[in-house]
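So you can see what is in the structure, the chains are spelled out below.
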Amino acid sequence: MPSLALFASGNGSNVQRIVEYFSGNPHIGIDLILTNNPRAYVLERARNLKIPSVVFSRKEFYGSNYVPDILAVQNISHIVLAGFLWLIPENILSAFQGKILNIHPALLPKYGGKGMYGTRVHQAVLASGDPESGITIHYVNEKYDDGQIIFQSRCPVIPGETPETLAEKIHQLEYRHFPEIIESVVKKSR
Ligand code: GAR
């Protein structure tokens, strides 16, 4: 049975939504939550959701097999990045080819790349005067926000929009689409 690990660096509201979506699903399990940030609120969510969690350091992530070893022991088949801010190292990419998904809060290839996450993305969209934004779900490769695009959904940027109002609209798009796209990708790549 496919078994998913969710990586997040902060709040983890997408993690919460994904776990709730798959709860009770007999075919796909959410079995591990991982973070680089020991103060991330996603850790409290993991406790409340009763899903095991792992915190790792930069050294463990980039200088050892600590994380891929844990993923192997737990029999994880797919990885979902839900607000995770670090590049994925080669030892994980090679073990999970075509099985790592990321969500980005804009319409890639615009507003992606190093340092483009969360509010910064929404600020860049507003500064550009772009009349629309949206979400992108894509496969993960060795670069930031660069892998093959799987799905996009758009929303208008209206006059008076702030980074906060845009973030809220984007989050609603993420909650609506991300779990279903994960489900369809995992079903196709078991
Ligand atoms: C989400 O909007 C996600 O798209 C974004 O971080 C937010 C995390 O929110 N990811 C990136 O910016 C990655 N470049 P959450 O922690 O409440 O799920």
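Structure shown above.
For the structure given in this document, a descriptive report is provided here. (Residues numbered from 1 in each chain as written. Predicted model: local features only at pLDDT ≥ 70, side-chain atom pairs only at ≥ 80, totals over all residues. Heavy atoms only, no water.)

Brief notes about the site of the ligand
Inclusion rule: Near is defined per residue: the residue qualifies when any heavy atom it owns lies within 4 Å of the molecule or strand. The definition of a polar contact used here is a pair of N or O atoms within 3.5 Å, where within protein one atom must be able to donate a hydrogen and the other to accept one, and adjacent residues in sequence count solely through side-chain atom pairs. The Shrake-Rupley method, run with a 1.4 Å probe, gives the accessible areas here. Residue values count only the displayed protein chains as cover. In this analysis, the protein atoms alone were mapped onto a 1 Å grid. Cavities are point sets where a 1.4 Å probe fits without being able to get out; pockets are open sets with protein on both sides within 12 Å along at least five of seven lines; lining residues have an atom within 4 Å of a point. Each molecule is assigned to a cavity or pocket provided more than half of its atoms lie within 2 Å of the corresponding grid points.
Contacts to the ligand come from 13 residues, most closely from Gly-12, Ser-13, Asn-14, Gly-118 and Glu-174. At 2.5 Å from an oxygen atom of the ligand is found a side-chain nitrogen or oxygen belonging to Ser-13. At 2.4 Å, a side-chain N or O of Glu-174 approaches an oxygen atom of the ligand. Here the ligand, which alone exposes 450 Å², has 91% of that area covered by the protein. Placement of the ligand is best described as lying within the largest pocket.

Let's talk about the sheet that holds strand S3 (residues 53-55)
Inclusion rule: We call two strands paired when DSSP finds no fewer than two bridges between them. Helix and strand assignments come from DSSP, with helices taken as H or I runs of at least 4 residues and strands as E runs of at least 2, each series counted from the N terminus. Lines are fitted to the C-alpha atoms to define the axes, a helix being fitted only along its stretch in contact, and any angle between axes, read from their N-to-C directions, falls within 0 to 180 degrees. Residue contacts follow a heavy-atom distance rule, with two residues in contact if any of their heavy atoms lie within 4.5 Å.
One open sheet accounts for 7 strands, arranged S3-S2-S1-S4-S5-S6-S7; its pairing is mixed. In the strand order of this sheet, the two ends are held by S3 and strand S7 (149-156), each with one partner. If you compare each strand with its neighbour and ignore which way they point, the axes differ by 20° on average. Contacts from helix H2 (residues 41-49) reach strand S2 (29-35) and S3 within the one sheet, and its direction differs from that of S2 by about 150°.

A short note on the packing of helix H1 (residues 13-22) against H2
Using the following cut-off: Under this scheme an angle from 65 to 115 degrees is roughly perpendicular, one under 35 degrees roughly parallel, and one over 145 degrees roughly antiparallel; angles in between are oblique. Note on convention: near helix rotated counterclockwise from far helix by under a right angle means a left-handed crossing. Clockwise means right-handed. Each residue is assigned to one of three groups, with Ala, Val, Leu, Ile, Met, Phe, Trp, Tyr, Cys and Pro labelled nonpolar, Asp, Glu, Lys and Arg labelled charged, and all others, Gly among them, labelled polar.
Contact geometry of H1 with H2 gives a least axis separation of 9 Å together with a crossing angle of 20°. It follows that H1 is roughly parallel to H2 by the angle criterion. Here H1 and H2 pass one another in a crossing that is right-handed. Side by side, H1 and H2 meet where Ser-13, Val-15, Gln-16 and Val-19 of the first sit next to Val-42, Arg-45 and Leu-49 of the second. Considered class by class, the residues forming the contact of H1 with H2 number 4 nonpolar, 2 polar and 1 charged.

Let's talk about the environment of Gly-63
Looking at the element boundaries, Gly-63 is found in helix H3 (residues 58-63). Taking C-alpha positions, Gly-63 is 42 Å from Glu-161, a pair spaced 98 residues apart along the chain.

Topic: H1
Applicable threshold: Burial classes: relative accessible area under 20% of the type maximum marks a residue as buried, over 50% as exposed, and values in between as partly exposed (1.4 Å probe, protein chains only).
Residues of H1 that are buried: Ser-13, Asn-14, Val-15, Ile-18, Val-19 and Phe-22. For H1, the elements touching its buried residues are strand S1 (3-7), S2, H2, strand S4 (78-81) and helix H7 (163-188). Looking one or two places after H1, you find Gly-24, whose phi comes out positive at around 85°.

Overview of the layout of surface pockets
To keep it simple, the criterion reads: Grid points are joined across faces, edges and corners, and a volume is the space filled by probe spheres set on the points.
Quantified by volume, the largest pocket comes out at close to 770 Å³. Taken together, 39 residues form the lining of the largest pocket, with Gly-83, Phe-84, Leu-85, Tyr-117 and Gly-118 sitting closest to its centre. Secondary-structure elements contributing two or more residues to the lining of the largest pocket are H1, strand S5 (100-104), helix H6 (119-128) and H7. Sorting elements by how many residues they give to the lining of the largest pocket places H7 first, with 6 residues.

Side note on the pattern of salt bridges
Convention followed: Definition used for salt bridges: Asp or Glu carboxyl oxygen within 4 Å of a side-chain nitrogen of Lys or Arg.
Applying the stated criterion across every chain, the model contains 4 salt bridges. Across the salt bridge formed by Asp-130 and Lys-110, the nearest N and O atoms sit 2.9 Å from each other. With Asp-130 in the loop between H6 and strand S6 (132-139) and Lys-110 in the loop between S5 and H6, the pair connects residues that are 20 residues apart, well separated along the chain. Given the relative accessible area of 12%, Asp-130 is considered buried.

Comments concerning the pairing of S6
Of all 8 residues in S6, 6 are buried; the element is thus mostly enclosed. With 7 bridges connecting them, S6 and S7 associate as antiparallel partners. Paired with Ile-137 across the bridge in S7 is Phe-151.

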